[in-house]
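The residues making up each chain are set out below.
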Amino acid sequence: DTAVSQTPKYLVTQMGNDKSIKCEQNLGHDTMYWYKQDSKKFLKIMFSYNNKELIINETVPNRFSPKSPDKAHLNLHINSLELGDSAVYFCASSPFGGSTDTQYFGPGTRLTVL
Amino acid sequence: ILNVEQSPQSLHVQEGDSTNFTCSFPSSNFYALHWYRWETAKSPEALFVMTLNGDEKKKGRISATLNTKEGYSYLYIKGSQPEDSATYLCASARDYKLSFGAGTTVTVRA
């Protein structure tokens, strides 16, 4: 009965590969997010979708492409992986996306690019 | 993305002691401030959402205050317990974005 789930939990891959991370929420929320935890441990917003529509793209390289097949899922596809993409990626969801909405986070996916 | 700062970066507290730490955020066009608790190997969990100047929120031994005019919030832990050990994140919200601080990592020593 996990609220926000991500797969895989760990991902180790070679530079230049293409990989995807999946996120699902069973909370009935309208808005989903991808965050990257950088080397200084900051959580930084990458993308936000509201009812399958992209509403935030926070100057993320084109190699990152989110896809939302329905409002319960937001997947992250990364092309031509680079060393600097190594990080922990967190998915989150919130009821509507407003400023007072609590965001519920998934467990994170640790991506290591070799 | 808003500039949100937290201090100190880390602190150690003796079990039973009380402690507090700060979150600073831009006071202009303020919408809401969020506090999250993040335990190692887990996901961030929401503690409070605060919107009004002078707001005080409380959950058990943890409480928070908000000053939107000067752009800061304090988080207090009363009578710290080992289970309070975690990183406490604050985030300023605007539209669909949360801009997080780097967190204050609290270690409670038994």
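Going by the structure above, here's the rest.
Residues numbered from 1 in each chain as written. Chains lettered and ligands numbered in written order. Predicted model: local features only at pLDDT ≥ 70, side-chain atom pairs only at ≥ 80, totals over all residues. Heavy atoms only, no water.

1. A few points about the pairing of strand S8 (residues 72-77) of chain B
Residue and element names in this part refer to chain B. In plain terms, the rule: Here's how the labels work: a residue is buried when its accessible area is under 20% of the maximum for its type, exposed when over 50%, partly exposed in between, all with a 1.4 Å probe on protein chains only. Working definition: helices are DSSP H or I runs of at least four residues, strands are E runs of at least two. Numbering for both runs from the N terminus. Two strands qualify as a pair provided DSSP detects at least 2 bridges between them.
Only one face of S8 is buried: it carries Ser73, Leu75 and Ile77, and the other face, with Tyr72, Tyr74 and Tyr76, is open. Bridge count for strand S3 (residues 19-24) against S8 is six bridges, and the pairing is antiparallel. Among the inter-strand pairings, threonine 19 is bridged to a residue of S8, identified as isoleucine 77. Looking at chain direction, strand S7 (residues 62-67) and S8 are connected through six bridges and run antiparallel. Counterpart to alanine 64 in the pairing with S8 is leucine 75. Connecting the antiparallel pair S7 and S8 is a turn made up of four residues, with glycine 71 showing a positive phi of about 75°.

2. Topic: the sheet that holds S7 of chain B
Residues and elements named next belong to chain B. Put simply, the rule reads: What counts as an axis is a line fitted to C-alpha atoms, over the stretch in contact for a helix, and the angles between N-to-C directions run from 0 to 180 degrees.
An order of S1-S3-S8-S7-S6 is seen for the five strands of this open sheet, with the pairing classed as antiparallel. Two strands bound the open sheet, and with one partner strand each, they are strand S1 (5-7) and strand S6 (56-59). With direction set aside, neighbouring strand axes in the sheet form an average angle of 15°.

3. Digging into the nonpolar core
In plain terms, the rule: For this analysis, a nonpolar core means a set of buried residues of the types Ala, Val, Leu, Ile, Met, Phe, Trp, Tyr and Cys, connected via side-chain atoms within 4.5 Å.
Of all hydrophobic cores here, the largest spans 23 residues; its most connected members are Phe21, Trp35, Phe48, Leu75 and Tyr88 of chain B. Grouped together as the second largest cluster of nonpolar side chains are 20 residues, Val4, Cys23, Cys91 and Val113 of chain A included.

4. Side note on empty space enclosed by the protein
To be explicit about the condition: Both cavities and pockets are sets of points on a 1 Å grid over the protein atoms alone; in a cavity a 1.4 Å probe fits but cannot get out, in a pocket the set is open with protein on both sides within 12 Å along at least five of seven lines, and lining residues sit with an atom within 4 Å of a point. Grid points are joined across faces, edges and corners, and a volume is the space filled by probe spheres set on the points.
Inspection of the entire model under this criterion finds one cavity of 30 Å³ or more. Considered as a void within the structure, the largest cavity measures approximately 40 Å³ in volume. If you go around the largest cavity, the residues you meet are Tyr33, Gly97, Gly98, Ser99, Asp101 and Gln103 of chain A together with His34, Ala93, Asp95, Tyr96, Lys97 and Leu98 of chain B.

5. Description of the layout of surface pockets
Note the cut-off: Under the grouping applied here, Gly and all other residues not named as nonpolar or charged are polar, the nonpolar ones being Ala, Val, Leu, Ile, Met, Phe, Trp, Tyr, Cys and Pro and the charged ones Asp, Glu, Lys and Arg.
Estimates place the volume of the largest pocket at around 640 Å³. Lining the largest pocket are 26 residues, and of these Gln37 and Lys41 of chain A together with Trp38, Thr40 and Ala41 of chain B sit closest to its centre. Secondary structure elements with two or more residues in the lining of the largest pocket: strand S9 (87-94) of chain A together with strand S9 (86-94) and strand S11 (104-109) of chain B. The element best represented in the lining of the largest pocket is S9 of chain B, accounting for three residues. In terms of residue class, the lining of the largest pocket is built from 11 nonpolar, nine polar and six charged. The computed volume of the second largest pocket comes to approximately 170 Å³.

6. A look at the packing of aromatic side chains
For clarity, the threshold we go by: Note on ring pairs: Phe, Tyr and Trp rings are taken, using the six-membered ring of Trp, and paired if centres are within 6.5 Å. Classes follow the plane angle, with under 30 degrees stacked, over 60 edge-to-face and the rest tilted.
Under the defined criterion, the tally for this structure stands at 13 aromatic pairs over all chains. Ring geometry for phenylalanine 21 of chain B versus tyrosine 88 of chain B: centroids 5.5 Å apart, planes at 50°, classification tilted. Placement of phenylalanine 21 of chain B in strand S3 and of tyrosine 88 of chain B in strand S9 is noted, with a sequence separation of 67 residues between them. An identical accessibility class is assigned to phenylalanine 21 of chain B and tyrosine 88 of chain B; each is buried. On the basis of an interplanar angle of 50° and a centroid distance of 5.2 Å, the ring pair of tyrosine 72 of chain B and tyrosine 74 of chain B is categorised as tilted. One aromatic cluster is present, formed by Tyr33, Tyr35 and Phe105 of chain A together with Tyr36 and Phe100 of chain B through successive ring pairs.

7. A few points about the pattern of salt bridges
Side-chain pairing between opposite charges can occur once the charged atoms of the two side chains come close. Basically, it comes down to this: Salt bridge, as used here: a side-chain nitrogen of Lys or Arg that lies within 4 Å of a carboxyl oxygen of Asp or Glu.
Scanning all chains against the criterion turns up eight salt bridges over all chains. Measuring nitrogen to oxygen at the nearest pair gives 2.7 Å for the salt bridge that ties aspartate 84 of chain B to arginine 61 of chain B. Here arginine 61 of chain B lies in the loop between S6 and S7 and aspartate 84 of chain B lies in the loop between S8 and S9, a separation of 23 residues in the sequence. Each member of the salt-bridge network shares a partner with another, and the members are Arg63, Glu82 and Asp85 of chain A.

8. Digging into the sheet that holds strand S8 (residues 73-78) of chain A
Residues and elements named next belong to chain A. Read from one edge to the other, the open sheet built from four strands follows the order S1-S3-S8-S7, with strand pairing classed as antiparallel. For this open sheet the edge positions go to strand S1 (4-7) and strand S7 (64-70), each flanked by a neighbour on one side alone. Ignoring which end each strand starts from, the neighbouring axes of this sheet average 20° apart. Across five bridges, the pairing between S7 and S8 is antiparallel. Note on S8: the bridge partner recorded for proline 66 is leucine 76.

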